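Fold and geometry: a report
For reference, the chains in residue letters:
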Amino acid sequence: MNDKGLPPVITIDGPSGTGKGTIAQLLANELHWHILDSGALYRIVGIAAMHNRVDANDAQALCGLARNMHVEFSSVFPGSITLHGLEISGEVRLEQAGALASRIAAIPQLRAALLQRQHDFRQAPGLVADGRDMGTVVFPDAVCKFFLTASAETRAQRRYKQLKDKEVSVSLPGLLSDIQARDERDSTRAVSPLKPAKDALIIDTGPLAIEQVMAIVRQELKSHQL
Ligand code: C5P
């Protein structure tokens, strides 16, 4: 617990395709801590909007959905996600859900509406939180902060391979331009733009294997007595 009696948080921020989700999951498993995939929350609001035919520009209606949606994440990876009892984990991971999430995530009122839900994940013995603004806005008092980067080309290649392995047909140039558009939107928005917290350790995961990233993370945690 920290000096305010709150469980400790480790934040892992960065653009998509840097390995954030994998590192967050490995770390949460290793520490036996809870995990927050905050990107999934934005994706789920987008999906709820599609299911309810809510316009992606209608801030008030999106906030209503965000406040009232009943979401459950299973604790086993890669777990199921249910929205009002309906299994949506496949839909959550689609490229279209990511693109819609990135559009609606620029709406300040929606970010505010999701704040408490994110804070509720902070439970003993600790939380590993993955996203864009975990270290800067949602958990500025996190005990240890990481910001993962990699070039857009590397991230597009990784995503391409993942989708090919799942036999999903995609074009590499198309993926690259989607990633670049998403980076641009996420980094230039007025509220909670994608940027490293001042006290975050920045790791370029481009040339590194997951285990090498984990080794750096573990070293950093040790220096924070974690
Ligand atoms: O991480 P993921 O790709 O699932 O996130 C989907 C989108 O949700 C991102 O492109 C970003 O616009 C938004 N997001 C955000 N803040 C977070 C997590 C995700 O704005 N903490």
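See the structure above.
Here's what I pulled together on the structure shown here. (Residues numbered from 1 in each chain as written. Predicted model: local features only at pLDDT ≥ 70, side-chain atom pairs only at ≥ 80, totals over all residues. Heavy atoms only, no water.)

A few points about the site of the ligand
Close contacts around the ligand come from 18 residues, with Arg 43, Arg 111, Arg 132, Arg 182 and Asp 186 the closest. A distance of 2.7 Å separates an oxygen atom of the ligand from a polar atom in the side chain of Arg 111. At a separation of 2.6 Å, an oxygen atom of the ligand approaches a polar side-chain atom of Asp 186. Protein contacts shield 97% of the accessible area of the ligand, which totals 450 Å² for the unbound molecule. Listed by contribution, the elements that provide at least two residues to the shell around the ligand are helix H2 (38–51), helix H5 (95–104) and helix H9 (172–188). The element that contributes the greatest number of residues to the shell around the ligand is H2, accounting for 4 residues. A class-by-class count of the residues in the shell around the ligand yields 4 nonpolar, 5 polar and 9 charged. (Near = heavy atom within 4 Å. Polar contact = N/O pair within 3.5 Å; in protein donor to acceptor, adjacent residues only side chain to side chain. Areas by Shrake-Rupley, 256 points an atom, 1.4 Å probe, with all protein chains shown as cover. Helix = DSSP H or I, 4+ residues; strand = E, 2+ residues; numbered from the N terminus. Nonpolar A, V, L, I, M, F, W, Y, C, P; charged D, E, K, R; others polar.)

Side note on the pattern of salt bridges
Counted according to the given criterion, the structure contains 12 salt bridges. Ionic pairing is found between Asp 199 and Lys 145, a salt bridge with its closest N-O pair at 3.2 Å. Of this pair, Asp 199 sits in the loop between H9 and strand E8 (201–204) while Lys 145 sits in strand E7 (residues 144–149); the two residues are 54 residues apart in sequence, bridging distant segments of the chain. With relative accessibility at 6%, the residue Lys 145 sits in the buried group. (Salt bridge = Lys/Arg side-chain N within 4 Å of Asp/Glu carboxyl O. Buried < 20%, exposed > 50% of the residue type's maximum accessible area, 1.4 Å probe, protein only.)

Let's talk about the layout of surface pockets
Of the pockets and cavities examined, the second largest pocket occupies roughly 160 Å³. For the lining of the second largest pocket, the per-class residue count stands at 4 nonpolar, 3 polar and 4 charged. (1 Å grid on protein atoms, 1.4 Å probe; cavity = no way out; pocket = protein on both sides within 12 Å on 5 of 7 lines; lining within 4 Å. Points joined across faces, edges and corners; volume = space filled by probe spheres on them.)

Looking at the packing of H2 against helix H3 (residues 59–68)
Axis separation between H2 and H3 bottoms out at 10 Å; the angle between their running directions is 115°. The angle between the axes of H2 and H3 places the two elements in the roughly perpendicular class. Between H2 and H3 the crossing geometry is right-handed. In this structure, H2 uses Val 45, Ala 48 and Ala 49 to contact H3, whose residues at the interface are Leu 62, Leu 65 and Ala 66. In terms of residue class, the contact of H2 with H3 is built from 6 nonpolar, no polar and no charged. (Axes fitted to C-alpha atoms, helices over the stretch in contact; angles between N-to-C directions. Parallel < 35°, antiparallel > 145°, perpendicular 65-115°, else oblique. Left-handed = near helix turned anticlockwise from the far one by under 90°. Contact = heavy atoms within 4.5 Å.)

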